[in-house]
Amino acid sequence: MNTDLSQLPVAVIGSGPVGLAAAAHLLERGLTPVIFEAGDAPAAAVRRWGHIRLFSPWQYDVDAAARRLLARTGWQEPDAETLPTGAELLEQYLLPLAAVPAIRNALHTDSEVVAVSREGLDKTRTGGRDTTPFLVRVRNADGTTADHRVRAVIDASGTWNSPNPLGSAGLAAPGEAAAYASGFITAPLPDIVGRDRARFGGKHVLVVGAGHSAANTLLALGELAEQEPETRISWAIRRSSAASVYGGGDLDGLPARGALGSRLRTLVEEGRITLHTSFTITGFKSADTLTVVGATPCGETQLDVDLLVPATGFRPNLDMLREVRLDLDPAVEAPRALGPLIDPEFHSCGTVTPHGARLLSHPEKDFYIVGMKSYGRAPTFLMATGYEQVRSIAAALAGDQKAADDVELVLPETGVCSTDLGGSCDTVSSCGTDAGAAQADQGDSACCGVPEPAAAAPVDSCCSVPEPAAAAPADSCCSAPEPAAATPAADSCCAAPEPAFLGIPTGLEHGRSGERGN
C-alpha cells in the first residue's frame, strides 16, 4: 500500500511529562500525534509516585509548548519556585494538559505498545525502508491487538516498570523472584507514611540502593519510626561510603535535593538508620521473614528483615523494539551518540550536554527514544532535559533542521557530587556500618558492628567506630578518629576526614572515574 507519509500521525508512546510535551510540540508544528498509554489514565506511572516531592521547582517542570497550549484554556500556572509532589504535578499540570481537546482526542489509554516495526518489513529488510510507514502494534485492555500505521515514532515509555535486579553483575540474585512472589520485596518508592503505612509500621525494613529514591524512602521510614518506634530501618549499599548519597548539602543547585541528603546523613549519624556499606546481595531465603545474604570484605553476612524496598534504579525495556534498527551505546543502552555524554563512569548528578534529534537518532529513520528511557541505564535525568529533546525532534520531523540543531538547556547547578578527601577510602575495602550508625543486627558473626558507646574499639577491629572520646588505635584500619584529632597521616588506610562537597556546573565531566582518581 503506497501512502504519503506526511498524511500519517506521529506515534508517541507514553503519556508522562515528556510524552505529553512531545504531543504539544508536534501540535505546535502542525503535526498530528497519536498517543498510546499503557495505564488506565494519563501519566499512570506518575500516579504511582505521587507522594514524592520533586527536587526541581515548577519553573523546570513545565514544558514551553505545553505552557502555550494550556494558556489558551485559562490554565493558571503554579508558582515557579514551589516544589510539587508527583500528585501535584499530575493534578495541576499533566491532567489539564491531557484534557486539552487536541491532546485528549489523540490519547489512547489502556493501550500497551507491544511491538514497533515497518509495515511489511522485518529488521533485515532494507529496500524502501525509510519511505515505508511504521507499524505500531498495541494491546488493548480486553487483550486484543490492533496495528497502527504512523510516519514516525517517539518512544517516551520510560523505565518505571523495569527496575534493576538486586543481585550483582546486573542479574537477579538466587531467590529474588521467590522473594518478590512472597511479598517480601515491595515496589519501588512505596507510600510509607500514606496508603502503605500499615505494611511498614513496626517492621524491620531494609532499603537497598544508593540514589535519591533510596534517600526518599529512608526519610519516609524515619518519619514513620518517630510515630511507631518499633519500626527498625536498615540500609545496604555496595559502596564503601554513603557520601555521594548525602550530596552537596547547601551547595546543591536544587536546594531540596541538598536538604534531603543532609537530613538522611543526620538519621544515620544519630543511629536511627543502620547503614551496611560494601554489601553485595548474593541471595535470598524466604520463610517467616526474609533472609538477605550478602558478601562483604569481612565475609558472608545475613540480615533478617520483614520487608525489603528496592531502590537500585531502572533500565530500559527494549523488547518491543526488536524489529527496529537501533544504535545503542554498549554500556549505557542509550543512543550511541548520547551514551558517552551521560555515562555514569564520567557523569553524575544530572550533568548533561544539550542534545536533540541528531544525538537521539538511530539507523531507523524518524524513530527516537526520549525521556528517562533515552538515558538507558544512566541513573540521573531531569524533565527539562526531555522537554528540550522533544522540542528538537518535533522540529526535525517538521523539516526545520536549523531549529532542531539549535539545542539549548538551562539547568541549575546540580552540585550533588561529593568527594572524600581521604581518597583511598572510597573503595570496597571496609565492611559493616558507617560511623555513627547503631549496632548492626548481624548476630555473632558481625565483623564490623558499632560497639556500645562506652566500649573502645578493639585494636584489631576492621571497621568499628571507637568511643567518641577515644583516639583511634594506631594500627586500626578503618576506625574514625576523634573529631578534634589531627588529620591522619598520608598512609592511613581509611581514616575518615570530613567529606568536601563540590558544586559542579552542568556539563563538566565527573563520575565514578573521578572517584577513582582517573
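For the structure given in this document, a descriptive report is provided here.

Reading the values: rules and limits
- Each residue is numbered by its place in its chain's sequence as written, counting from 1.
- In view of the model being predicted, local features appear only for residues whose pLDDT reaches at least 70, and side-chain atom pairs are presented and counted only at 80 or more, with totals across whole chains, interfaces and linings using the full set of residues.
- Where side-chain values are given, they derive from all heavy atoms of the structure, hydrogens and water being excluded.
- DSSP-based pairing: two strands are paired if at least 2 bridges between them are found.
- The helix and strand labels rest on DSSP assignments: H or I over at least four residues marks a helix, E over at least two residues marks a strand, and numbering proceeds from the N terminus.
- All axes here are fitted lines through C-alpha atoms, helices being fitted over the stretch that makes contact, and every angle between N-to-C directions spans 0 to 180 degrees.
- Ring pairs are drawn from Phe, Tyr and Trp, using the six-membered ring of Trp, whenever the two centres fall within 6.5 Å, and their geometry is named by plane angle: stacked under 30 degrees, edge-to-face over 60, tilted for the rest.
- Here the term buried applies to any residue with accessible area under 20% of the maximum for its type, exposed to any over 50%, and partly exposed to those in between, with areas from a 1.4 Å probe on protein chains only.
- The criterion is that NZ of a Lys, or CZ of an Arg, lies within 6 Å of the ring centre and within 35 degrees of the ring normal, and then a charge sits over that ring.
- Basic side-chain nitrogens of Lys or Arg form a salt bridge, by our definition, when they fall within 4 Å of a carboxyl oxygen of Asp or Glu.
- Residues adjacent in sequence count toward polar contacts only when both atoms are side-chain atoms; beyond that, a polar contact is any pair of N or O atoms within 3.5 Å, and within protein one must be able to donate a hydrogen and the other to accept it.
- For this analysis, residues touch if any pair of their heavy atoms sits within 4.5 Å.
- Take the buried Ala, Val, Leu, Ile, Met, Phe, Trp, Tyr and Cys residues and link them wherever side-chain atoms come within 4.5 Å; each set so joined is a nonpolar core.

**Details of the sheet that holds strand E13 (residues 299–305)**
Consider a sheet: its strands pair through backbone hydrogen bonds, and that pairing is either parallel or antiparallel.
Phase 1 of the analysis: Pairing in this open sheet of three strands is antiparallel, and the strands run E11-E12-E13 from one edge to the other. For this open sheet the edge positions go to strand E11 (280–286) and E13, each flanked by a neighbour on one side alone. Shown here is a sheet whose adjacent strand axes are inclined to one another by a mean of 25°, direction ignored.
Phase 2 of the analysis: Relative to E13, strand E12 (residues 290–296) is paired through seven bridges, and the arrangement is antiparallel. Bridge pairing in E13 links Thr-296 to Gly-299.

**Observations concerning the packing of aromatic side chains**
By convention here, two paired aromatic rings are described through the distance between centres and the angle between planes.
Phase 1 of the analysis: Under the definition given, this model contains five aromatic pairs.
Phase 2 of the analysis: Centroid distance Trp-58 to Tyr-93: 6.5 Å. Interplanar angle 90°. Geometry classified as edge-to-face. Placement of the pair is Trp-58 in the loop between helix H2 (44–48) and helix H3 (64–71) and Tyr-93 in helix H4 (residues 86–99), with a sequence separation of 35 residues. With respect to class, Trp-58 is no different from Tyr-93; both count as buried.
Phase 3 of the analysis: Taken together, a centroid distance of 6.5 Å and an interplanar angle of 65° make the contact between Trp-235 and Tyr-246 edge-to-face. Taken together, the residues Trp-235 in strand E9 (residues 232–236) and Tyr-246 in helix H9 (residues 243–246) connect sequence positions 11 residues apart. For the pair formed by Trp-235 and Tyr-246, the shared burial category is buried.
Phase 4 of the analysis: The structure contains a cluster of three or more aromatic residues connected by ring pairs, namely Trp-58, Trp-75 and Tyr-93.
Phase 5 of the analysis: One cation-aromatic arrangement involves Arg-118 over Phe-134; the distance from NZ or CZ to the ring centre is 3.7 Å.

**Focus: the pattern of salt bridges**
Phase 1 of the analysis: Inspection of every chain in the model, using the stated rule, returns 20 salt bridges.
Phase 2 of the analysis: In this structure, Arg-149 engages Glu-119 in a salt bridge whose closest nitrogen and oxygen atoms are separated by 2.8 Å. Of the two residues, Arg-149 is situated in strand E6 (residues 145–150) and Glu-119 in the loop between strand E4 (111–118) and strand E5 (134–140); the sequence distance between them amounts to 30 residues.
Phase 3 of the analysis: Of the charged contacts in the structure, one is a salt bridge between Asp-147 and Arg-137, with a shortest N-O distance of 2.8 Å. Placement of Asp-147 in strand E6 and of Arg-137 in strand E5 is noted, with a sequence separation of 10 residues between them.
Phase 4 of the analysis: Look at Asp-147 and you get partly exposed, because its relative accessible area is 39%.
Phase 5 of the analysis: If you follow the salt bridges from partner to partner, you end up with Arg-118, Arg-129 and Glu-364 in one network.

**Considering the side chain of Arg-118**
Phase 1 of the analysis: Along the polypeptide, Arg-118 turns up in strand E4.
Phase 2 of the analysis: Judged by its relative accessible area of 2%, Arg-118 is buried.
Phase 3 of the analysis: At 2.9 Å, the side chain of Arg-118 forms a polar contact with the side chain of Glu-364.
Phase 4 of the analysis: Engagement of the side chain of Arg-118 in a polar contact is seen with the backbone oxygen of Lys-365, the distance being 2.8 Å.
Phase 5 of the analysis: Apart from the residues lying within four places of it in its own chain, the contact partners of Arg-118 are Arg-129, Asp-130, Thr-132, Pro-133, Phe-134, Leu-135, Glu-364 and Lys-365.

**Section: the pairing of strand E10 (residues 274–277)**
Phase 1 of the analysis: Judged by which residues are buried, E10 turns out to be covered on both faces: Thr-274 and His-276 on one side and Leu-275 and Thr-277 on the other are all buried.
Phase 2 of the analysis: In this structure, E9 lies alongside E10, joined through three bridges in parallel fashion. Bridge pairing links Ala-236 to His-276 in E10.

**Section: the nonpolar core**
Phase 1 of the analysis: Membership of the largest hydrophobic core comes to 59 residues, with the highest contact counts inside it found for Leu-89, Tyr-93, Val-370 and Leu-397.
Phase 2 of the analysis: Sort the elements by how many residues they give to this core and helix H13 (residues 383–397) lands first, with eight residues.
Phase 3 of the analysis: Discounting residues that sit within four places of it in the chain, Val-370 has contacts with Val-18, Ile-154, Asp-155, Ala-156, Leu-360, Gln-389, Val-390 and Ile-393.
Phase 4 of the analysis: Core analysis: the second largest hydrophobic core is formed by 28 residues, Ile-192, Val-207, Trp-235 and Leu-275 among them.

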